[in-house]
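Structural overview for review
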Amino acid sequence: MEYENTPEKKHNKIGFTLAKAFEIEAAFTLYKIDENQTKFIYQGENKGLNFLGKVLLKLGGEKNNNKVVTDFMNLVESEAMKEA
């Protein structure tokens with residue numbers, strides 16, 4: 001959906017429909033701060049497209065959604081630290 005690749009900024013936005021029930025979008029942006037630091041921004045959104053999709057999203061709950069994002073960010077951090 002969106003793509004940018006420069007020495008100072010990397011950005012990619014993707015989106016897809018899953019099982020005709022969910023519309024999923026995610027964006028990843030990396031900003032170079034200096035030679036040893038990068039700012040990483042993750043944005044995501046899931047939308048229920050029909051009754052089933054909306055109900056399943058509500059059943060998952062906000063706490064569960066936050067755990068998925070936190071786990072992902074922790075994985076990104078641990079992989080980045082392997083490089084250092």
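Up top is the structure.
Being a predicted model, the structure only gives us computed values, none of them experimental.

1. So, helix H1 (residues 51-83)
Its maximal kink placed at Gly61, H1 deviates by approximately 80 degrees. Taking the backbone nitrogen of Leu52 as reference, a side-chain oxygen 3.3 Å away marks Asn50 as the first, capping residue of H1.

2. Some remarks on the side chain of Thr29
Note on placement: Thr29 falls in strand S3 (residues 22-34). At 2.7 Å, the side chain of Thr29 forms a polar contact with the side chain of His11. For Thr29, the residues in contact, after removing those within four places along its chain, are Lys9, Lys10, His11, Lys39, Phe40 and Ile41.

3. So, the pattern of salt bridges
Taken as a whole and judged by the stated rule, the model has six salt bridges. Taking the shortest distance from any N to any O, the salt bridge between Lys32 and Glu35 comes out at 2.8 Å. By relative accessible area, Lys32 is classed as partly exposed at 33%. Given the relative accessible area of 66%, Glu35 is considered exposed. Lys67 is the salt-bridge partner of Asp71, the closest N and O atoms lying 2.7 Å from each other. Linking Asp71 with Lys67, this pair stays in helix H1, spanning four residues, or about one helical turn. Asp71 sits in the partly exposed class, given a relative accessible area of 39%.

4. A few points about the side chain of His11
Positionally, His11 belongs in strand S2 (residues 9-18). Excluding residues within four positions of it along the chain, His11 makes contact with Glu2, Tyr3, Glu4, Ala27, Phe28 and Thr29.

5. With respect to empty space enclosed by the protein
A full pass over the atoms with the stated rule returns one cavity of 30 Å³ or more. Approximately 30 Å³ is the volume found for the largest cavity. In terms of lining, the largest cavity is formed by Glu23, Ile24, Glu25, Glu45 and Lys47. Broken down by secondary-structure element, the contributors of at least two residues to the lining of the largest cavity are S3 and strand S4 (37-48). Counting residues per element, the lining of the largest cavity draws most heavily on S3, which supplies three residues. Class assignment of the residues belonging to the lining of the largest cavity gives a composition of one nonpolar, no polar and four charged.

Parameters and conventions
- All residue numbers here refer to positions counted from 1 along the written sequence of the relevant chain.
- Reporting of local features is limited, given that this is a predicted model, to residues whose pLDDT is at least 70; pairs of side-chain atoms are given and counted only at 80 or more, and all residues count toward the totals for whole chains, interfaces and linings.
- Excluded from the side-chain calculation are hydrogens and water; included are all heavy atoms of the structure.
- We define the bend at each residue as the angle formed by axes fitted to the 7 residues ending at it and the 7 residues starting at it.
- Strands are runs of DSSP state E lasting at least 2 residues, helices are runs of H or I lasting at least 4, and numbering of each runs from the N terminus.
- Definition of a polar contact: a pair of N or O atoms within 3.5 Å, with one able to donate and the other able to accept a hydrogen when the atoms are protein atoms, and with sequence-neighbouring residues admitted only if both atoms are side-chain atoms.
- In what follows, a contact means two residues having at least one pair of non-hydrogen atoms within 4.5 Å.
- Every case where a carboxyl oxygen of Asp or Glu lies within 4 Å of a side-chain nitrogen of Lys or Arg is listed as a salt bridge.
- Per-residue accessibility, obtained with a 1.4 Å probe over protein chains only, is compared with the maximum for each type, and a residue is labelled buried under 20%, exposed over 50%, and partly exposed between these values.
- Residues are said to line a cavity or pocket when one of their atoms sits within 4 Å of a point; the points come from a 1 Å grid over protein atoms alone, cavities being sets where a 1.4 Å probe fits but cannot get out and pockets being open sets with protein on both sides within 12 Å along at least five of seven lines.
- Grid points are joined across faces, edges and corners, and a volume is the space filled by probe spheres set on the points.
- Amino acids outside the nonpolar list (Ala, Val, Leu, Ile, Met, Phe, Trp, Tyr, Cys, Pro) and the charged list (Asp, Glu, Lys, Arg) are all regarded as polar, and Gly is one of them.

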